[in-house]
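Survey of secondary and tertiary structure
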Amino acid sequence: MRILLLVLASLTISAQAAEPVLLRPSAKLLFKQPELLQAGRCVRYEEGGNGWVVSDPVFFLKGEVLAAEVRTRHLGKCPVVPGKTLERYSRDEFNRHVQAFPCVAEDVAERDEQSGVVRIRVADWETPHAKKAENAGRLYRGMFVEKKLEKGMEIELEADLLSVCEL
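Residues numbered from 1 in each chain as written. Predicted model: local features only at pLDDT ≥ 70, side-chain atom pairs only at ≥ 80, totals over all residues. Heavy atoms only, no water.

Some thoughts on the sheet that holds strand S7 (residues 147–148)
As a general point, the strands of a sheet are linked pairwise by backbone hydrogen bonds and lie either parallel or antiparallel. We count it as follows: The pairing criterion is simple: DSSP has to find at least two bridges between the two strands. Helix numbers and strand numbers start at the N terminus; a helix is a DSSP run of H or I with at least 4 residues, a strand a run of E with at least 2.
Pairing is antiparallel across the open sheet formed by three strands, whose spatial order is S5-S6-S7. What marks the edges here is a single partner per strand, and that holds for strand S5 (139–140) and S7.

This is the structure we're talking about:
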């Protein structure tokens, strides 16, 4: 009986080791519609526009796709500032959170997932400047997270955050 339990335990462990890495929506997009993110394609990253009657302005970053790939990434714990919600974070605290994203909550096990990553060359942008926008998104006061935006600079974003430019 003990041998049977040992065999079952070893089979369970080997089955867990062979489990496929989870696919994030960004990776699924690259597998299902790779033509949307081909090199040279114009793409946009947008923030804002939330609201029912009066919506906030939409801020954007526009650029050209240089490369797109699926990467396996370890999702660690999200950084937490004790006593504060994400809406109350300072810009530095918010940037630390965004740089760790995607990440998992304190009560969730760390894991590996595949994500679709797109490298783009920045061509144009519009960012918010109001103080209330400092922890609302990656774009703020001419910056992308903590990098000063410049034409021609390269950044990486998950594929599902991007849309194809309208003609």
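Now, onward.
Concerning the nonpolar core
Taken as a class, soluble globular proteins show a tendency for nonpolar side chains to be buried jointly. Formally: To form a nonpolar core, buried Ala, Val, Leu, Ile, Met, Phe, Trp, Tyr and Cys residues must be joined to one another through side-chain atoms within 4.5 Å. The classification of residues rests on relative accessible area computed with a 1.4 Å probe and restricted to protein chains. Under 20% of the type maximum is buried, over 50% is exposed, and intermediate values are partly exposed. Residue contacts are counted whenever heavy atoms from the two residues lie within 4.5 Å of one another.
Leu61, Ile120, Phe144, Ile155 and Leu162 are the most contacted members of the largest nonpolar core, which totals 22 residues. For this core, the secondary-structure elements that each account for two or more residues are strand S2 (42–48), strand S3 (58–75), helix H3 (91–100), strand S4 (111–126) and strand S8 (154–158). If near-sequence neighbours (up to four positions away) are discounted, Ile120 is found in contact with Val43, Leu61, Glu64, Val65, Leu66, Met153, Glu154, Ile155 and Leu162.

A few points about H3
Because the α-helix completes a turn every 3.6 residues, residues three or four places apart line up on one side. Taken together, the buried positions of H3 are Arg91, Glu93, Phe94, Asn95, His97 and Val98. As for H3, its buried residues are in contact with S5.

Some thoughts on the pairing of S4
Bridge count between S3 and S4: 15 bridges; the pairing is antiparallel. Its bridge partner being in S4, Leu61 is matched across the sheet by Trp125. Taken together, the five bridges between S4 and S8 define a ladder with antiparallel strand orientation. Note on S8: the bridge partner recorded for Arg121 is Glu154.

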